[in-house]
Amino acid sequence: MNFGVVVFPGSNCDRDMAMVSRDLLGQPTRMVWHEETDISDLDVIVIPGGFSYGDYLRCGAIAQFSPVIQATKAHAAAGKWVLGICNGFQVLTEAGLLPGALVRNRDLHFICDRVTLKVERTGLSWTSAYQPQQVITLPIAHGEGCYYADAETIAELEANHQVVLRYCDATGNPTEAANPNGSLNNIAGICNRQGNVVGMMPHPERASDPALGGIDGLLLFKGLLACV
Amino acid sequence: MTQQNYHAKIYVTLRPSVLDPAGTAVQSGLGHLGYDNVEQIRIGKYIELSITAETQPLAEAQLDRMCDQLLANTVVENYRFELTEIATHPESATAAAGA
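A.B. asks: Whenever I open this one, the sheet that holds strand S2 (residues 29–33) of chain A confuses me. Can you help?
C.D. replies: In a beta sheet, neighbouring strands pair by backbone hydrogen bonds and run either parallel or antiparallel. Residue and element names in this part refer to chain A. Reading across the sheet, the nine strands line up as S2-S1-S3-S4-S11-S10-S9-S6-S7 and stay open at both edges, with mixed pairing between neighbours. The open sheet has two free edges, formed respectively by S2 and strand S7 (135–142), since each of these has just one partner strand. Across the sheet, the mean angle from the axis of one strand to that of its neighbour is 25 degrees, orientation sign disregarded. When strand S9 (residues 163–167) meets strand S10 (residues 187–191), the two strands line up antiparallel, connected through three bridges. The partner of Val163 across the bridge, within S10, is Ile190.

A.B. asks: Help me understand the interface of chain B and chain A, please; the structure alone is not making it clear to me.
C.D. replies: How big an interface is tends to be stated in terms of the accessible area lost upon association of its parts. Contact residues are listed per partner, giving nine residues for chain B and 13 residues for chain A. A total of three residues in the side of chain B that touches chain A trace back to one element, the largest contributor, which is helix H1 (residues 21–32) of chain B.

A.B. asks: It is not clear to me how the confidence of the model for chain B should be interpreted in this structure. Could you clarify?
C.D. replies: Any residue range with low pLDDT should be treated as having predicted coordinates unsuitable for detailed reading. This prediction gives chain B a mean pLDDT of 90; 89% of its residues lie at or above 70. On the interface metric, ipTM, the complex scores 0.86, and its pTM is 0.92.

A.B. asks: Would you take a moment to explain the sheet that holds strand S3 (residues 77–85) of chain B for this structure?
C.D. replies: Residues and elements named next belong to chain B. With respect to topology, three strands assemble into an open sheet ordered S2-S1-S3, the strand pairing being antiparallel. Two strands bound the open sheet, and with one partner strand each, they are strand S2 (45–53) and S3. Each strand of the sheet is rotated relative to its neighbour by a mean of 25 degrees, with strand direction disregarded. With nine bridges joining them, strand S1 (residues 4–14) and S2 adopt antiparallel strand pairing. Its bridge partner being in S2, Ala8 is matched across the sheet by Leu49. Across the sheet, helix H2 (residues 56–71) touches S1, S2 and S3, and the angle it forms with S2 is around 140 degrees.

A.B. asks: Can you walk me through helix H3 (residues 87–94) of chain A in this structure?
C.D. replies: Spacing of three or four residues puts side chains on the same side of an α-helix, whose turn is 3.6 residues. Residues and elements named next belong to chain A. Within H3, eight of the eight residues are buried, which leaves the element mostly enclosed by the surrounding structure. Within the sequence span of H3, burial applies to Asn87, Gly88, Phe89, Gln90, Val91, Leu92, Thr93 and Glu94. Tucked into the core, H3 has its buried residues touching strand S3 (44–47), helix H2 (67–77), strand S4 (81–85), strand S5 (101–103) and strand S11 (197–200).

Each value, and the rule that gives it
- Residues numbered from 1 in each chain as written.
- Chains lettered and ligands numbered in written order.
- Predicted model: local features only at pLDDT ≥ 70, side-chain atom pairs only at ≥ 80, totals over all residues.
- Pairing = 2+ DSSP bridges.
- Helix = DSSP H or I, 4+ residues; strand = E, 2+ residues; numbered from the N terminus.
- Axes fitted to C-alpha atoms, helices over the stretch in contact; angles between N-to-C directions.
- Contact = placed C-beta atoms within 7 Å.
- pLDDT = per-residue confidence, 0-100.
- Buried ≥ 20, exposed ≤ 12 C-beta atoms within 10 Å, placed from the backbone.

Right, dumping it as structure tokens:
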């Protein structure tokens, strides 16, 4: 599979992501500058973490108008794969590719930690390598990761099984104490109705190399590769 | 067609249903200073800009679009703006033309 990793001014997880797809998984991977308009050679486009355009105004607000995001919209509409990690998730919501918004963490702090998450949606290509309701551990690193959407949107997400990852305790219960940032319904990651576009605040690319202490994130990419 | 300059003051505020932890923290700070009669602090954004348009309704329509597209995220924020006409001085216009 051909992977592309978007590079905005201010992206800082782009090379970590390329390290996973190119070096750990052996997939052709190229960096995609934010001014690029042609990504037709790619099967997967990843919007990485960081602080695109300095996150001025709001996280992801300026990035949504970049040429590469217009190309990403066409890529998504064609049913190809899109993954937004952390700032990438914020960009996808600002661009309208995923519903809702990410706002300031409940306790105001930037959180850099490892959290336990339940894989709620395993029918997707993205999550095909996980067991249903599997509890995994991934790093988070964000100041604006509190997922918000109006009650109607939340109900729709739940009804359509678009919640992919939920913050939970070690036994898989989505408790208030296990919710690091105040996200509604403990939501950590969602997908669009078609399931080809996924956004998540946790960092799977930082939990893919055994040298870094965990490989729960690698299964996300392995699952996708196994489905094509 | 004559163009007119307007000054816009744009207020972007969190929708009432969205929690404002920063506002809560500031309220608690004011409480520590003894201002225990303060409630419902909400922190928003204030944006100023000047805009040129033929008429005020045209400027307002454009500002509406700017707010919807970029300045506010209407999933979590509301916005309102005030527009005032900036008087153009004939002398300064002449000076600018001469420059």
